[in-house]
Amino acid sequence: TINANNANATTNGAYTHSCQTNAQKDIWYKFVVPSSGNIFFTSSTGSIIDNVASLYSGNCGALTSLICNDDDGPLNMAQFLKLGLTPGDTLKLMLS
């Protein structure tokens, strides 16, 4: 669990979410795929009342979008399940 806010975030300009192109104030996270090869991401409300999340593989400057979600979670928050990833790979999550 990570508790964060986007109060001081900026729009990166290099990448947009494929499922919602008006998102602003991006926060990026980097993490390693667990041994199961599966990622479940969910977000909850707080000071942010609607968010968008995109999962990417690859290196900065050459990222490949794996999944994008805008409103599938509770209260229009982002949520997704991505199966069959390679354990040990490093992925990036853009949250706006």
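Residues numbered from 1 in each chain as written. Predicted model: local features only at pLDDT ≥ 70, side-chain atom pairs only at ≥ 80, totals over all residues. Heavy atoms only, no water.

Trainee: Looking at this structure, I do not really get the packing of aromatic side chains. What am I missing?
Mentor: Working definition: an aromatic ring pair is given by the centre-to-centre distance plus the angle between the planes. Per the stated rule, a full pass over the model turns up two aromatic pairs. Ring plane angle 25° and centroid distance 5.4 Å describe the contact between F41 and F80, whose orientation is recorded as stacked. Of this pair, F41 sits in strand 2 (residues 39–42) while F80 is found in strand 5 (residues 79–82), placing the two residues 39 residues apart along the sequence. The class of F80 is buried, set by a relative accessible area of 5%. (Phe/Tyr/Trp six-rings, centres within 6.5 Å; stacked < 30°, edge-to-face > 60°. Helix = DSSP H or I, 4+ residues; strand = E, 2+ residues; numbered from the N terminus. Buried < 20%, exposed > 50% of the residue type's maximum accessible area, 1.4 Å probe, protein only.)

Trainee: Mind showing me how you'd approach the sheet that holds strand 6 (residues 90–95) here?
Mentor: Within a beta sheet, neighbouring strands are joined by backbone hydrogen bonds and run either parallel or antiparallel to one another. The strand order 1-6-3-4 describes an open sheet built from four strands, whose pairing is antiparallel. Each of the sheet's edge strands pairs with one partner strand only, and the pair in question is strand 1 (27–32) and strand 4 (62–69). Recorded for the sheet is a direction-independent mean angle of 25° between the axes of neighbouring strands. Looking at chain direction, strand 3 (residues 53–59) and strand 4 are connected through seven bridges and run antiparallel. Residue pairing for strand 4: N59 is matched across the bridge by A62. (Pairing = 2+ DSSP bridges. Axes fitted to C-alpha atoms, helices over the stretch in contact; angles between N-to-C directions.)

Trainee: What exactly am I supposed to notice about the pairing of strand 6 here?
Mentor: Consecutive residues of a regular strand have side chains that alternate between opposite faces of the sheet. Across the six residues of strand 6, five count as buried, placing the element largely inside the fold. Where strand 1 lies against strand 6, six bridges are found, and the strand directions are antiparallel. Residue K30 lies in a different strand from strand 6, and its bridge partner there is K92. Taken together, the four bridges between strand 3 and strand 6 define a ladder with antiparallel strand orientation. Opposite L55, over in strand 6, you have L93 as the bridge partner.

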